[in-house]
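# Secondary and tertiary structure notes
What follows is the residue order along each chain.
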Amino acid sequence: MTGAGLGSDSFEGTVAAIRASVISGQRSARDVVDRSFARATAVRAGADGLNAILWSDVAVAHNEAAALESRLDGPEAGPLAGVPIAVKDNIATLGSPTTCGSRILAGYHSPFEATVMTRLRDAGAILVGKTNLDEFAMGSSTEFSAFGRTKHPLDPRLVPGGSSGGSAAVVAAGIAPVALGSETGGSVRQPAAFCGVVGVKPTYGRVSRFGLVAFASSLDQIGVFGRSVEDAATVLQAIAGRDPLDATSANVAVPDYAEQLATLDGLVIGKPREYFPEQLDPRIADLCARALDRCRDLGATVREVSLPHTELAIPVYYIVAPAEASSNLARFDGVRYGLRITGHGLRDMYEATRSSGFGPEVTRRILLGTYVLSAGYYDAYYAKAMRARQRIASDFDAVFGSGIDVLFTPTTPTTAFAAGSRADPYEMYLSDIFTVTANLAGIPALSLPIGRVDGLPVGGQLLAPHFHEARMLAIARLLEHSLGAEAHR
Amino acid sequence: MSVSLDEVRHIAALARLGISDEGAERAAEELSSILAHMQVLSRVDDESDARAAGDPDSGMTLRADVGPPIPLLRAPAFFAPAMRDGYFLVPRLATHEDTEQSP
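Residues numbered from 1 in each chain as written. Chains lettered and ligands numbered in written order. Predicted model: local features only at pLDDT ≥ 70, side-chain atom pairs only at ≥ 80, totals over all residues. Heavy atoms only, no water.

## Description of the overall build of chain B
- From N to C terminus, chain B includes 2 helices and 2 strands.
- The N-to-C order of helical and strand elements in chain B reads α-α-β-β.
- Residue burial in chain B is summarised as follows: out of 103 residues, 23% are buried.
- Of all intrachain contacts in chain B linking residues separated by at least 6 positions in sequence, the fraction that spans at least 24 positions is 22%.
- Entry remark: accessible area of chain B is about 7,700 Å², with carbon and sulfur atoms responsible for 55%. (Helix = DSSP H or I, 4+ residues; strand = E, 2+ residues; numbered from the N terminus. Buried < 20%, exposed > 50% of the residue type's maximum accessible area, 1.4 Å probe, protein only. Contact = heavy atoms within 4.5 Å. Areas by Shrake-Rupley, 256 points an atom, 1.4 Å probe, with all protein chains shown as cover.)

As structure tokens, then:
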């Protein structure tokens, strides 16, 4: 291992501990910010190293820290007071660019801020960086950023996963204890698994998408990275809930995500056989078996179940998501946003701008999405995929309706792979094989570290019924505690 | 399913993407390869899922695509600060290179 790793000087303390130390005056918010930037320098988080961070400005962070000082006394001290956070660069922020990792939005500044950012600031969090991503969140390796690939913190030859690879790397490298990413098909859970951190994808509608640059609107959801389940839960608590600016955000009460379970007595964990195929790496299967044994030790019953339409998930996802992307990205045409390449007339300008501004994976998905929506192919692909999507969702409904509380699976079929090793697009798409189903069904899911194979992190995935994040997090917290240091070796 | 060069050029035009001959050939090959994996969807039974979301024949109310436009509850002028010759008059975008005065 030659990378930044998880050295002893990485950002110390949980979110709760950082907050407590800042509120008590043990250290200032400015000190915390400086600690984060020092760590970013030490691990070379910028373009000359990990390339995890596309934008950061210590002066801006100092100003935020100074503004926070007056709120530290009394009830105005939020649940994230003084906590440094990094945010994926497809989430709109004021005072910093929002590029989506794309040449077409290079240098773009949003005129408004995402609701999650407003809520994070209200909670006292301090933005320390905008993180690298696959262009417009389309990818599973963070190799498709227009600003260069992000490297894995443990080995720069490897990918950190994607598309939120920058956020995962920032948390894994100890630059910030928590970060935001976005999910369309696993873009938080998969890099969390690769980098050995916790990644949470909430129920569709649990967190406002206002200010999240749209990729596939029926699938997109903002998610959270943390070094622990508790840290991720604290951030989710701060950003969850109805937002009148997002019509798809749900008017469902947000429970207390800090709720603890003493045991797993009476809970039934489903083990879906389709997620444990014969060709699964036996070492990953063994780590999953160990995690399930721990759940049994904690009092849970483990029952094998079936989600029979799982084999349809990747084809369905790679029809539905590109179809929606082809529509959502039509707005980037040189007229309203960012890059403009002038040509002979309006149409020429559109084509020159989009061809020059979009990278290869985005172009591929726009073409694929346009194709499956075009006359003559709509019924054969898109309409059929929507029917299959309904079946995948029904599989989950049936399993959860049969007395299963949560499902446990591996998060990914492999550990982090070498950069450049997946030239075939479909082979890359298969990286998401265990994660896309939660997005298609709209259910919450998370990945937590359950061990290592050849020194590389392996993630275990929990999936729960709609809006059952609290129970999912409580189970994950117990499993995390039971595994202890074994989860990282 | 094999995607032809003409189809790639057609969808590229629909998507407002300029594409070179070399790019079209590569895209045809890649799309054909990806779509070959989608054939598993042919196993989905259409009839039993006829009410699935997005199916225009099953529950989503659509008007017939014939006849004159349906009168709007409010005329377009209701939504615009000003109109002229049937067009909305809106402030010119500051980024336009054209220096002509805004209406």
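## Examining the interface of chain B and chain A
- Each partner contributes residues to the interface: chain B has 37 residues there, and chain A has 37 residues.
- Summing both partners gives a buried area of about 3,400 Å² for chain B against chain A, and 65% of it is carried by carbon and sulfur.
- For the chain B face of the interface with chain A, the top three residues by lost area are Arg-16, Leu-17 and Leu-41 of chain B, together amounting to 19%.
- Across the contact surface, chain B and chain A share 2 salt bridges.
- For Glu-30 of chain B, the salt bridge is made with Arg-364 of chain A, and the minimal N-O distance between the two is 3.0 Å.
- At the junction of chain B with chain A, the criterion picks out 7 residue pairs in polar contact (both at pLDDT 80 or more).
- Elements that contribute at least two residues to the side of chain B that touches chain A include exactly helix H1 (5-14) and helix H2 (21-36) of chain B. (Buried area = accessible area lost by both parts, 1.4 Å probe. Salt bridge = Lys/Arg side-chain N within 4 Å of Asp/Glu carboxyl O. Polar contact = N/O pair within 3.5 Å; in protein donor to acceptor, adjacent residues only side chain to side chain.)

## With respect to the pairing of strand S6 (residues 221-226) of chain A
All names here are of chain A.
- Most of S6 is tucked away: 6 of the 6 residues are buried.
- Side chains Gln-221, Gly-223 and Phe-225 project from S6 onto one buried face, and the interleaved Ile-222, Val-224 and Gly-226 project onto a second face that is buried too.
- Bridge count between strand S4 (residues 178-183) and S6: 6 bridges; the pairing is antiparallel. Bridge pairing in S6 links Ser-182 to Ile-222. (Pairing = 2+ DSSP bridges.)

## Topic: the environment of Leu-483 of chain A
Residues and elements named next belong to chain A.
- In this fold, Leu-483 is placed in helix H15 (residues 469-483).
- The exposure class of Leu-483 is buried, given its relative accessible area of 2%.
- As a C-alpha pair, Leu-483 and Ser-356 span 127 residues in sequence and 49 Å in three-dimensional space.
- Aside from chain neighbours lying at most four places away, what touches Leu-483 is Arg-290, Arg-294, Pro-449 and Ile-450.

## Quick look at the packing of aromatic side chains
Residue and element names in this part refer to chain A.
- By the definition in use, this model includes 16 aromatic pairs over all chains.
- When the centroid spacing of 6.2 Å and the interplanar angle of 65° are considered together, the rings of Tyr-426 and Tyr-429 count as edge-to-face. Of the two residues, Tyr-426 and Tyr-429 both sit in helix H13 (residues 425-429), 3 residues apart, roughly one turn of that helix. Neither residue differs from the other here; Tyr-426 and Tyr-429 are each classed as buried.
- Members of the aromatic cluster, joined through ring pairs, are Tyr-108, Phe-136, Phe-332, Tyr-337 and Phe-358.
- Seen from the ring of Phe-276, Lys-271 lies directly overhead, with NZ or CZ sitting 4.8 Å from the centre.
- In this structure, Arg-422 is placed above the aromatic ring of Phe-417, and the distance from its NZ or CZ to the ring centre is 4.1 Å. (Phe/Tyr/Trp six-rings, centres within 6.5 Å; stacked < 30°, edge-to-face > 60°. Lys NZ or Arg CZ within 6 Å of the ring centre and 35° of its normal.)

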